[in-house]
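Chain by chain, the residues run as shown.
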Amino acid sequence: MSVYSLFITCPRGLEAPLSDELAALGCADIAASDGGVACKADMARVYRINLHSRTASRVLLRLTKGGYRNEADIYRLAKNIRWPEWFAPEQTFKVKVEGKRAQVKSLDFVGLKIKDALCDAFRERFDKRPNVDKNRPDVRVHAFLGGREVQIFIDTSGEALFKRGYRQDTGEAPLRENLAAGLLLLAGYDGSQPFQDPFCGSGTIVIEAAQIAANRAPGLLRRFGFEKLKNFDKALWVKIREAAKAQIRRSTAPLAGSDNDRCMIRAAEANAEAAEVADFIEWRVCDAQDARPNGSGGIMISNPPYGVRLAEVQALQALYPQLGSWLKQHYAGWKSGMFTGDREMPKLMRLAPKRKIPLFNGNLDCRLFLIDMVAGSNR
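Residues numbered from 1 in each chain as written. Predicted model: local features only at pLDDT ≥ 70, side-chain atom pairs only at ≥ 80, totals over all residues. Heavy atoms only, no water.

### Thoughts on empty space enclosed by the protein
Note the cut-off: Both site types are read off a 1 Å grid over the protein atoms alone. A 1.4 Å probe that fits but cannot get out defines a cavity, while an open set with protein on both sides within 12 Å along at least five of seven lines defines a pocket; lining residues have an atom within 4 Å of a point. Grid points are joined across faces, edges and corners, and a volume is the space filled by probe spheres set on the points. In this count, Pro and Cys sit with the nonpolar residues alongside Ala, Val, Leu, Ile, Met, Phe, Trp and Tyr, while Asp, Glu, Lys and Arg are called charged and the others, Gly among them, polar.
Going through the model one piece at a time under the given rule, you end up with 2 cavities of 30 Å³ or more. The space that makes up the largest cavity amounts to roughly 40 Å³. Taken together, R164, Y166, Q211, R216, A217, P218, G219, L220, L221 and A275 make up the full set of residues lining the largest cavity. Its residues placed into classes, the lining of the largest cavity shows 6 nonpolar, 2 polar and 2 charged. For the second largest cavity, the calculated volume is near 30 Å³. For the second largest cavity, the full set of lining residues is N50, L51, S53, L161, R164, P218, G219 and R222. Here the lining of the second largest cavity is composed, by residue class, of 3 nonpolar, 3 polar and 2 charged.

Spelled out as structure tokens, the structure:
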């Protein structure tokens, strides 16, 4: 089986847990950089990364890389790719270009040049060309431009991997699933500890915890881009999926989610049902401070609400000392992780974090504060 150069994207800050996942899947030459991890792997592993990685966003397979002085050089590189080996002229495609210190006037124009090169390559071979579909293309092509080098990839994921295929109702701007999984892995959650989220919203963090606890591959409910490629090996894919299903555990350590919004808990229940982990989770409608541990030595990870407008910020900051007291009183022996855009939170909760991990929620600069809860005062 051929070995390919891959670049696997992820939310900024999750490069370390993603590298661990790729090592566990047997990838070689793993090298993390800002926003993703490069590695080498065969096609069977490409399928497995898409199916099993909890933190990846997209699995990109490199078709070419080379130096460029101008757009004409990029056109030539793109035209020399053997596109017909990857897909047929009847299929649709889309090109996306990103750059860092790129020496070109316009990334959009580079996108057009790559599209032209691809279409010209098909025309020369078949006398017809594939069409562009910006919304639901069969094939996605990604190009990354550095100062003097361009790399062109084919996307083996299709829709971004945080779309697990179960989400019914998102509520307001939910946390992306791969970021939620990353928070759990960074906190050392492995499914053997009791777990709780007292600000669970539509349930994303708890559902990701349940998937980890049940050893359930996060991609089992969805389709992938590689299924549309010419070299797709269906028999191999069926075997990989069946192996993943055989690994699912039937029971887990206790998992609980609560929120003071009844509609959110309803949405969380529907999401857990669709994700096929409803049996493992206990949901409750209650204020965070009325939540109590569901075991000893557990892990709590939450994305508590944080204000954007000044009045909201002040109201929330008045609540933090009470939350700190509640944690100290009831959660001794637990590890608590608070994911927030509010840098002042631990200080106002009168808690001293053991670790502060910088992460991005979209473009929002956030922190995961990890706190070991000990009885009595933590200051």
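Structure's up, so let's keep going.
### Observations concerning the domain arrangement of the chain
The condition that has to hold: The start and end points of each domain follow an automatic or database-based domain assignment. We call two residues in contact when some of their heavy atoms are within 4.5 Å. Put simply, buried area is how much 1.4 Å-probe accessible surface two parts lose in total, over both of them, once they are put together. Salt bridges are counted wherever a side-chain nitrogen of Lys or Arg sits within 4 Å of a carboxyl oxygen of Asp or Glu.
In terms of domains, the chain is made up of domain 1 (4-155) and domain 2 (177-220 + 251-373). The C-alpha centroid of domain 2 is placed 35 Å from the C-alpha centroid of domain 1. With 13 residues of domain 1 in contact, the opposing surface of domain 2 contributes 18 residues. Buried area between domain 1 and domain 2, both sides added, is near 1,200 Å², and the carbon and sulfur share of it is 65%. When the area that domain 1 buries against domain 2 is broken down by residue, the three leading residues are R12, L51 and R54, summing to 56%. Linking domain 1 with domain 2 are 0 salt bridges.

### Observations regarding the sheet that holds strand β12 (residues 299-302)
Here is the rule we go by: Here, strands pair whenever DSSP counts at least two bridges between them. Helix numbers and strand numbers start at the N terminus; a helix is a DSSP run of H or I with at least 4 residues, a strand a run of E with at least 2. Axis definition: a line fit to C-alpha positions, over the contact stretch in the case of helices; interaxial angles, taken between N-to-C directions, run 0 to 180 degrees.
Strand order in the open sheet formed by 7 strands is β11-β10-β9-β12-β13-β15-β14, with mixed pairing between adjacent strands. One side of each edge strand has no neighbouring strand; the edge strands of this open sheet are β11 (281-285) and β14 (355-361). Across the sheet, the mean angle separating the axes of adjacent strands is 20 degrees when strand polarity is ignored. Two elements, strand β10 (residues 255-259) and β11, share 5 bridges in a ladder whose sense is parallel. Residue pairing across strands places A256 opposite E282, the latter belonging to β11. Against the sheet, helix α5 (residues 177-186) makes contact with β9 (195-197), β12, β13 (335-340), β14 and β15 (364-372), and its axis sits at roughly 170 degrees relative to β14, the strand it touches most. Contacts between helix α8 (residues 262-274) and the sheet are confined to β10 and β11, with β11 contributing the most and set at about 165 degrees to the helix.

### Considering the pattern of salt bridges
A side chain with one charge may pair with a side chain of the opposite charge, provided their charged atoms come close. To be explicit about the condition: Note on exposure labels: buried denotes an accessible area under 20% of the residue type's maximum, exposed denotes more than 50%, and partly exposed covers the range between, all computed with a 1.4 Å probe on protein chains only.
Under the defined criterion, the tally for this structure stands at 24 salt bridges. Taking the shortest distance from any N to any O, the salt bridge between K228 and D138 comes out at 3.4 Å. Separated by 90 residues along the polypeptide, K228 in the loop between α6 (204-213) and α7 (234-246) and D138 in the loop between β6 (131-132) and β7 (139-145) bring together distant segments of the chain. By relative accessible area, which is 42% here, K228 ends up partly exposed.

### Let's talk about the pairing of β10
We apply this condition: For a crossover, the right-handed case is the one in which the path from the first strand over the helix to the second runs clockwise, viewed with the strands pointing away from the viewer.
Burial analysis of β10 places 5 of its 5 residues in the buried class, the great majority of the element. Taking every second residue as pointing to the same face, both faces of β10 are buried, with L255, G257 and D259 on one and A256 and S258 on the other. Bridge count for β9 against β10 is 3 bridges, and the pairing is parallel. In the strand pairing of β10, F195 is matched with L255. Assessed by its sense of winding, the connection that carries the chain from β10 through α8 to β11 is right-handed.

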